[in-house]
Amino acid sequence: GPQEMTLRNNRAVVTVNAVRDRLRVLLVSGVPHPGERTWRNLLKSDPSVDLVHFTILRPPEKQDGTPIHELSLIAFPTRELFEVKLRDFDLIVFDRYRRRGVLPAIYLDNVVDYVREGGALLEVVGPGFAGPFSLYRTPLSEVLPAEPTGAVLERGYLPRLTEDGLRHPVTGRLPGGPLTSLKDDIRWGRWFRQVEVLPSSGHTLMQGADDAPRLILDRVGKGRVAQMMSDQIWLWSRGFEGGGPHGELIRRLSHWLMREPELEENTLRGDVIGDRLEIV
């Protein structure tokens, strides 16, 4: 009021939690394979996610003489997705995608700009990532944290956490995994394929065969990027050798990429408990 000597006692500190109404995810599968249904089912089951999913069934080099009017396929709307509406998506997932003449380099340049400006990108690599048609041999190499060596490791191995992974909110305390020490028992099933890479940035949270990086997270500009070096998470979803926490891992990974506050790895929280301030 007009007679107040100070306005300091009119202030109050409040906490506001903002939640986005819907999260839009674009999932592009390069080939049909068992793992794509795992990603699709989990993303579709999340009520906070609007999923747009395309699978490349007929790339340009596949010409068998079938008339166009006899195909029950739709053309891949590259311009609409990767130019007009690209920034409407909160997360873009390339699942076993490789260069096949479907996405011109200019659209992959748009994805690089999208990430640097605050977007999120997840690449789930298959054997094609190690070959000459790898996405690393496109403009996306500017934001990807790991380079393929050309080797594909195909033998049974047990996914393991690294020291960073033991503490990171995305992989720390996953069901059946280590809790406080890397020596804790791991009750997960084996995987049988992994693409060998050389990390150039980011943090490796999981390892696989020959201690090669299996899951890498990185920040690029204002955005975030993750690479999973195997396409066999479906083995966990089908319970092979006891399975593993595929649902929880995918949920945490996708929401970290979309900057979920509860999954921030470098965060400081304070709570007042009675006459004591507890800082975590």
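Here, every reference points to the structure presented above.
Conventions adopted
- Residues numbered from 1 in each chain as written.
- Predicted model: local features only at pLDDT ≥ 70, side-chain atom pairs only at ≥ 80, totals over all residues.
- Heavy atoms only, no water.
- Helix = DSSP H or I, 4+ residues; strand = E, 2+ residues; numbered from the N terminus.
- Buried < 20%, exposed > 50% of the residue type's maximum accessible area, 1.4 Å probe, protein only.
- Contact = heavy atoms within 4.5 Å.
- Areas by Shrake-Rupley, 256 points an atom, 1.4 Å probe, with all protein chains shown as cover.
- Lys, Arg positive; Asp, Glu negative; His and termini not counted.
- Charge placed at Lys NZ, Arg CZ, Asp CG, Glu CD.
- Patch = residues over 30% accessible without salt bridge, like charges linked within 9 Å, V, L, I, M, F, W, Y side chains within 5 Å.
- Salt bridge = Lys/Arg side-chain N within 4 Å of Asp/Glu carboxyl O.
- Core = buried A, V, L, I, M, F, W, Y, C linked by side-chain atoms within 4.5 Å.
- Expected span 1.5 Å × (residues − 1).
- Arc of directions from axis to C-beta.
- Phe/Tyr/Trp six-rings, centres within 6.5 Å; stacked < 30°, edge-to-face > 60°.
- Lys NZ or Arg CZ within 6 Å of the ring centre and 35° of its normal.
- Pairing = 2+ DSSP bridges.
- Axes fitted to C-alpha atoms, helices over the stretch in contact; angles between N-to-C directions.

J.: It is not clear to me how the overall build of the chain should be interpreted in this structure. Could you clarify?
T.: Within the chain, the regular secondary structure consists of six helices and 12 strands. Across its three principal directions, the C-alpha atoms of the chain cover 85 × 50 × 35 Å. Of all 280 residues assigned to the chain, the portion counted as buried reaches 46%. Considering only residue pairs separated by 6 or more positions, the chain has 70% of its internal contacts joining residues 24 or more positions apart. Total accessible area on the chain stands at roughly 15,100 Å², and carbon and sulfur atoms take up 50% of it. Averaging the positions of the 37 positive and the 38 negative side-chain charges in the chain gives two centres separated by 2 Å.

J.: Explain a nonpolar patch on the surface here, please?
T.: Judged by side-chain polarity, Leu268, Val272, Leu277 and Ile279 come together as a nonpolar surface patch covering roughly 470 Å² of accessible area. Within the secondary structure, Leu268 sits in the loop between α6 (246-257) and β11 (270-273). Taking relative accessible area as the criterion, Leu268 reaches 69% and is therefore assigned exposed.

J.: Would you take a moment to explain the nonpolar core for this structure?
T.: In terms of nonpolar packing, the biggest core is built from 37 residues, with Leu122, Leu249 and Leu253 touching the most fellow members. A per-element tally of this core places α6 first, with five residues. Once you skip the residues sitting within four places of it in the chain, Leu253 turns out to touch Leu122, Val170, Leu215, Leu217, Ala226 and Met228. By size, the runner-up hydrophobic cluster in this structure holds 36 residues, among which are Tyr97, Val102, Val111 and Tyr136.

J.: Just to check I follow, could you spell out helix α1 (residues 34-45) for this structure?
T.: In an α-helix, one turn spans 3.6 residues, which is why side chains three or four residues apart end up on the same side. Taking 1.5 Å per residue, 12 residues should reach 16 Å; α1 reaches 18 Å between its end C-alpha atoms and fits that length. Among all positions in α1, only Gly35, Glu36, Thr38, Trp39 and Leu43 are buried. In a view along the axis of α1, the buried residues occupy a sector of 160 degrees, so they form one face of it. With respect to the buried face of α1, the exposed residues turned more than 90 degrees away are Arg37 and Ser45.

J.: Explanation requested: the packing of aromatic side chains in the structure shown.
T.: Between two aromatic rings, the relevant description is the distance of the centres plus the angle of the planes. Applying the stated criterion across every chain yields a total of five aromatic pairs. Taking 5.4 Å as the distance between ring centres and 45 degrees as the angle between the ring planes, the aromatic pair formed by Phe94 and Tyr97 counts as tilted. Each member of the pair, Phe94 as well as Tyr97, carries the same accessibility label: buried. Summarising the aromatic geometry, the rings of Trp191 and Trp236 are spaced 5.1 Å apart at their centres and angled 70 degrees between planes, so their arrangement reads as edge-to-face. Remark: Trp236 occurs in helix α5 (residues 234-237) and Trp191 occurs in the loop between α4 (163-167) and β7 (194-199); sequence separation between them is 45 residues. In this structure Trp191 comes out as buried when scored by relative accessible area, which is 0%. What links up through ring pairs into an aromatic cluster is the set Phe82, Phe94 and Tyr97. When the ring centre of Phe89 is taken as reference, the NZ or CZ atom of Arg24 above it lies at 5.0 Å. The cationic tip of Arg214 hangs over the ring face of Trp191; the distance from NZ or CZ to the ring centre is 4.0 Å.

J.: How should the pairing of strand β12 (residues 276-279) be read in this particular structure?
T.: Sheet topology places β11 next to β12; four bridges connect them, and they run antiparallel. Bridging across to β12, Asp271 finds its partner in Glu278. The antiparallel hairpin formed by β11 and β12 contains two residues in its connecting segment, where Gly274 sits at a positive phi of about 65 degrees.

J.: Any chance you could explain the sheet that holds strand β9 (residues 213-220) here in plain terms?
T.: Strand pairing in a sheet relies on backbone hydrogen bonds. The paired strands run either parallel or antiparallel. Strand order across the open sheet formed by eight strands is β2-β1-β3-β4-β10-β9-β8-β6, with mixed pairing between neighbours. The open sheet terminates on both sides in strands that have one partner only, identified here as β2 (49-55) and β6 (160-161). In the sheet, β6 pairs with strand β8 (residues 203-207) via two bridges, with the strands oriented antiparallel. Paired with Leu161 across the strands is Met206, a residue of β8. Relative to the sheet, α1 contacts β1 (23-29), β2, β3 (91-95), β4 (120-124) and β10 (223-228), its axis offset from that of β2 by approximately 160 degrees. Across the sheet, α6 lies against β1, β3, β4, β8, β9 and β10, angled at about 150 degrees from β10, the strand it touches most.

Just geometry here; none of it tells us what the structure is for.
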